[in-house]
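Each chain, letter by letter, is given below.
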Protein chains: 2
Amino acid sequence: MIHVGINGYGTIGKRVADAVRKQPDMEVVGVAKTRPNFEASSAVEKGFDLYAAVEERKPRFAEAGIDLAGDVEELVEQSDIVVDACPSGIGADNAEMYEEYDTPALLQGGEDAEVVDGSFNARSNFDTVEGMDLVRVVSCNTTGLSRLVAPLQEEYGIEKVRATLVRRGGDPAQSGRGPINDILPNPVELPSHHGPDVNTIFPDLEIDTLGLKVPATLMHTHSINVTLQSNPDAEAVRELLDDERRTFVIPEWLGLDGAGAIKELAQDAGRPRADIWENCIWGESITVEGDDLYLFQAIHQESDVVPENVDAIRAVLGTKSQSESIATTDEAMGLDDSLAPTRTRD
Amino acid sequence: MIHVGINGYGTIGKRVADAVRKQPDMEVVGVAKTRPNFEASSAVEKGFDLYAAVEERKPRFAEAGIDLAGDVEELVEQSDIVVDACPSGIGADNAEMYEEYDTPALLQGGEDAEVVDGSFNARSNFDTVEGMDLVRVVSCNTTGLSRLVAPLQEEYGIEKVRATLVRRGGDPAQSGRGPINDILPNPVELPSHHGPDVNTIFPDLEIDTLGLKVPATLMHTHSINVTLQSNPDAEAVRELLDDERRTFVIPEWLGLDGAGAIKELAQDAGRPRADIWENCIWGESITVEGDDLYLFQAIHQESDVVPENVDAIRAVLGTKSQSESIATTDEAMGLDDSLAPTRTRD
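So, how was this worked out
Residues numbered from 1 in each chain as written. Chains lettered and ligands numbered in written order. Predicted model: local features only at pLDDT ≥ 70, side-chain atom pairs only at ≥ 80, totals over all residues. Heavy atoms only, no water. UniProt positions renumbered as here; feature names shortened; annotations may be inferred. Helix = DSSP H or I, 4+ residues; strand = E, 2+ residues; numbered from the N terminus. Patch = residues over 30% accessible without salt bridge, like charges linked within 9 Å, V, L, I, M, F, W, Y side chains within 5 Å. Areas by Shrake-Rupley, 256 points an atom, 1.4 Å probe, with all protein chains shown as cover. Salt bridge = Lys/Arg side-chain N within 4 Å of Asp/Glu carboxyl O. Lys, Arg positive; Asp, Glu negative; His and termini not counted. Charge placed at Lys NZ, Arg CZ, Asp CG, Glu CD. Buried < 20%, exposed > 50% of the residue type's maximum accessible area, 1.4 Å probe, protein only. Contact = heavy atoms within 4.5 Å. Domains from an automatic or database assignment. Buried area = accessible area lost by both parts, 1.4 Å probe. Polar contact = N/O pair within 3.5 Å; in protein donor to acceptor, adjacent residues only side chain to side chain. Nonpolar A, V, L, I, M, F, W, Y, C, P; charged D, E, K, R; others polar.

By the naming in an unreviewed UniProt entry, chain A is Glyceraldehyde-3-phosphate dehydrogenase, taken from Halovenus carboxidivorans. Listed under Sequence similarities (unreviewed entry) in UniProt, the entry text for chain A is "Belongs to the glyceraldehyde-3-phosphate dehydrogenase family." The Subcellular location (unreviewed entry) comment attached to chain A in UniProt states, word for word, "Cytoplasm".

Here is the structure:
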């Protein structure tokens, strides 16, 4: 049994906790939180032991009537590995604590690549992180791009990737964020950080990325161009991507016109929190013009990194091979139950 | 004096009427409308003679207390040329009427290219439409793309254009349109109609376009990639585009982060209806990576085709050369008064 501590129980942390708990080879030691709120309350309801991430704020938990199992240091000490899902920048600050207790840790994609020993995507570089102390599971967008690059690179060779990332302004609960009624180049200067971030997984890949922010909260949408080194037909690319585990090639007949419809399908399918762990690639959009492949994909910013975190645990500890880990993760989480029959499976 | 009739007095028609009225060599004969509404009322206030576009609806104007100067056929008969700014598809239906009265007409970009004798962009193919009976002024997005392609093609040669068009869902007054809180691939299948539409102006250009729709109403935003046939530095491209008449290369210090800010600048500058007739190109976004040029531009869907319609009148009738017409149009409309000092001019 791998004893996993979760430091940070927000958007990512709470999902990782649920996913880890479902794994046959893992156990959640507990979760650490800075303050009592609806998520802390939910952690208690779910029976997770709660640890205080900040010493001075412990009285607040008592006032809220929430029992603590201890301080975050105790959680780290008892864990074989910690998933740090704290807000961007805090993970780097926590690195010293993990080192002190000699506990390997996974940071999230908001941390700088320089802070860690290696960056991780299960499909692309599972075997590179074994034995590392500090590993970064790349961000939602970089995960989505990496899952696409890996099979295309292997099958056709890639000359260059050019991607425009039309990003949601904030998550559904982040009601204070914008934009409203606007389309913002963000950043205005190129490239956006996503291209260099993909290079932490694929160091030699030519990739240019552009970012925009729009008034939407449900998912990011990528407009992708990949100049290939060979000329497959679109149908072959569709099948290639459909055969991947963590892509969902949307068949036209489902009538999924955008993220709202995809989320509704995930709700109907009974997915926890209506999460969509897969890249959602519109099948009809997959087009090849000469060497140029084009497609649209939607990325669920709150959940696509969750199975990646689970795999990263095994990858760092070296307990399972890439294919065994991914299969175990997907079966345990329910990712194997596709959202709908897809092209090659129907 | 060129006698210009305007058939259709909505978003485009009312702007073209104002712009034509300002030209030293043109006169508005009158404007035709299907029904009395706030725009009809405004036409009367401005002193435009109003013609009924649909015979059966004439009583409605009388009920609203609006005097009509006659039927649309009379307007067509009195005009040297008609600008047809009716909703998409109606322009094609009207073609027979224009032919009957032997009056050349300009249709708008919503009409099919097959319906007309030629498609028009002032910067790119002014001289090709002289003497034609039916000419289409291409749509706002195609106009924005053409203005960019022309100087880049002339100066550097173009290998291929790849553009993602992040489109506003509707105009500010079209409150019944969507999307809300979503990012829709639209169309899902590639290419969007914009690429083939640009080919009506540049027949031999390699161009692939992808379209998305988002919850914004103010302007479209284009994420542009142009693979060039030579390798200029970004600063040279900035200067090239800044030297164009109908581009506004946004200097960083203005702090214009999106369409809302650009519209506010246009309001402050006293532009009629806060119109932005120029392509708004973010200067810092202009980047060259190898052969690949990238940039973001915002396109004001309600107004960038207005100076193009004015020029198309002279181009069809052969009354001025390209450079004389564009200079006349821009001076009369106030387009020469740049929205702000730009890079090469400051």
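From this point, things continue past the structure.
*Asks:* It is not clear to me how unusual backbone geometry should be interpreted in this structure. Could you clarify?
*Replies:* Note: most peptide bonds trans; most residues except glycine with negative phi. All names here are of chain A. For the peptide bond that leads from Gly178 to Pro179, omega is -5°, which places it in the cis range. Residue placement: Pro179 occurs in the loop between strand 9 (158–168) and strand 10 (184–185). The phi dihedral of Ala274 falls on the positive side, at around 55°, and the residue is not glycine. Relative to the assigned elements, Ala274 resides in the loop between helix 10 (259–268) and strand 14 (279–282).

*Asks:* What is the right way to look at a negative patch on the surface in this model?
*Replies:* All names here are of chain A. Taken together, the side chains of Glu55, Glu56, Glu73, Glu74, Glu77, Glu96, Glu99, Glu100, Asp102, Asp117 and Asp133 define an acidic patch exposed on the protein surface. Contributions of two or more residues to the negative patch are made by helix 4 (72–78) and helix 5 (90–100). With respect to the helices and strands, the residue Asp133 is situated in the loop between helix 6 (122–125) and strand 8 (134–137).

*Asks:* Explanation requested: the UniProt feature "domain: Glyceraldehyde 3-phosphate dehydrogenase NAD(P) binding" (unreviewed entry) in chain A in the structure shown.
*Replies:* Taken from the UniProt record, the annotation "domain: Glyceraldehyde 3-phosphate dehydrogenase NAD(P) binding" (unreviewed entry) applies to residues 2–140 of chain A. As a span, residues 2–140 of chain A carries 35% helix and 24% strand, and end to end its C-alpha atoms are 25 Å apart.

*Asks:* How should I be thinking about the UniProt feature "active site" (unreviewed entry) in chain A in this particular structure?
*Replies:* All names here are of chain A. Mapped onto this numbering, the UniProt entry annotates "active site" (unreviewed entry) at Cys140. Along the polypeptide, Cys140 turns up in helix 7 (residues 140–156). According to the relative accessible area criterion, Cys140 is buried, its value standing at 14%. Sequence-distant contacts of Cys140, defined by excluding residues within four places in its chain, comprise His220, Ile299, Gln301, Asp304 and Val305.

*Asks:* How should I be thinking about the domain arrangement of chain A in this particular structure?
*Replies:* Residue and element names in this part refer to chain A. Assigned domains within chain A: domain 1 (2–138 + 305–333) and domain 2 (141–299). Spacing between the C-alpha centres of domain 1 and domain 2 amounts to 26 Å. Across the boundary between the two partners, domain 1 contributes 26 residues, which contact 19 residues of domain 2. Carbon and sulfur atoms make up 46% of the area that domain 1 and domain 2 hide from each other, which totals about 1,800 Å². Seen at the junction of domain 1 and domain 2, the total is 10 salt bridges. For Arg246, the salt bridge is made with Asp311, and the minimal N-O distance between the two is 2.8 Å. In this assembly, domain 1 and domain 2 are joined by 12 residue pairs in polar contact (both at pLDDT 80 or more). Every element with two or more residues in the side of domain 1 that touches domain 2 is listed here: helix 1 (11–21), strand 7 (118–120), helix 6, helix 11 (306–317) and helix 12 (322–333). Residue contributions to the side of domain 1 that touches domain 2 peak at five residues, all from helix 12. The residue inventory of the side of domain 1 that touches domain 2, partitioned by class, reads 10 nonpolar, six polar and 10 charged.

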